[in-house]
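Reading the structure
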Amino acid sequence: MDYFTHYRSPLGLLTLSATDTHLTGLWFDGQKHTPPAPPPDAARTVFAQTRRWLDAYFAGRVPGFTPPLLLRGTPFQQSVWKLLLAIPFGQTCTYGTLAAEIAAVIAAPRMSAQAVGGAVARNPVSIIVPCHRVVGAHGELTGYAGGLERKRALLALENAALGA
């Protein structure tokens, strides 16, 4: 069973979902692919851990830990989300680079950057699984379910350099 609560961020209200032990979702309210949220239940330990993570992050600090995550998706999506978790704070990566990394892992001659983009778009835990750090081939800001203004703000918070 998943429980839900909310977090007020500088970029708008976030909805968090969790099991008794793992974070399962984090969305900006109104973003694409957001499931409808039942009434909040803020008594879960994982929500307290996630709030501490978000408080540190929005204060411009590297949180130093990751709340326990349970990322629900296909094996392909999970492999992409695992790569997202490896993108360091303040750095960006292109869809093409991620596609090449996935191709190498599965010993394929190539992987579609668009397929990777589809998996990135379905990331159920925004910000913590940093899909906002993925940019276009020349460093341009492209698709973000939470909106490009929020993506720009998150990258600015991290002092991430953009461009080719």
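You'll find the structure just up there.
Residues numbered from 1 in each chain as written. Predicted model: local features only at pLDDT ≥ 70, side-chain atom pairs only at ≥ 80, totals over all residues. Heavy atoms only, no water.

1. Notes on empty space enclosed by the protein
Think of a ball as big as a water molecule: rolled over the atoms, this probe shows where empty space is left. Our working rule: Cavity means a closed set of points on a 1 Å grid over the protein atoms alone, one where a 1.4 Å probe fits but cannot get out, pocket means an open set with protein on both sides within 12 Å along at least 5 of 7 lines, and lining means a residue has an atom within 4 Å of a point. Grid points are joined across faces, edges and corners, and a volume is the space filled by probe spheres set on the points. For this scheme, ten residues count as nonpolar: Ala, Val, Leu, Ile, Met, Phe, Trp, Tyr, Cys and Pro. Four count as charged, namely Asp, Glu, Lys and Arg, and the remainder, Gly too, count as polar.
One pass over the structure, following the stated rule, counts 1 cavity of 30 Å³ or more. What the largest cavity holds in volume is close to 40 Å³. What lines the largest cavity is Q31, V120, A121, N123, S126, C131, Y144 and A145. Of the residues in the lining of the largest cavity, the class split is 5 nonpolar, 3 polar and no charged.

2. Considerations on the pattern of salt bridges
For clarity, the threshold we go by: What makes a salt bridge here is a side-chain nitrogen of Lys or Arg within 4 Å of a carboxyl oxygen of Asp or Glu, nothing more. Going along the chain from the N terminus, every DSSP run of H or I of four or more residues is numbered as a helix, and every run of E of two or more is numbered as a strand. We call a residue buried when its accessible area falls under 20% of the maximum for its residue type, exposed when it is over 50%, and partly exposed in between, using a 1.4 Å probe and counting protein chains only.
Taken as a whole and judged by the stated rule, the model has 3 salt bridges. Two residues, R133 and E158, come together in a salt bridge whose shortest N-O distance is 2.8 Å. With a gap of 25 residues between them, R133 in the loop between α4 (113-121) and β5 (134-135) and E158 in the segment after α5 (148-157) connect regions that are remote in the sequence. Judged by its relative accessible area of 6%, R133 falls in the buried class. The salt bridge involving R152 is made with E149; its shortest N-O contact spans 2.6 Å. Residue R152 and its partner E149 are both found in helix α5; the two are separated by 3 residues, about one turn of the helix. R152 sits in the partly exposed class, given a relative accessible area of 39%. Taking relative accessible area as the criterion, E149 reaches 58% and is therefore assigned exposed.

3. Notes on the pairing of strand β2 (residues 12-18)
Stated formally: Pairs of strands are assigned from DSSP output, requiring at least two bridges between the strands.
Among the 7 residues that make up β2, 5 are buried, leaving the element largely enclosed by the rest of the structure. Between strand β1 (residues 3-9) and β2, which pair antiparallel in sequence order, lie 2 residues. Sheet analysis places β2 next to strand β3 (residues 23-28), joined by 5 bridges and oriented antiparallel. Bridge pairing in β3 links A18 to L23. The turn linking β2 back onto β3 is made up of 4 residues.

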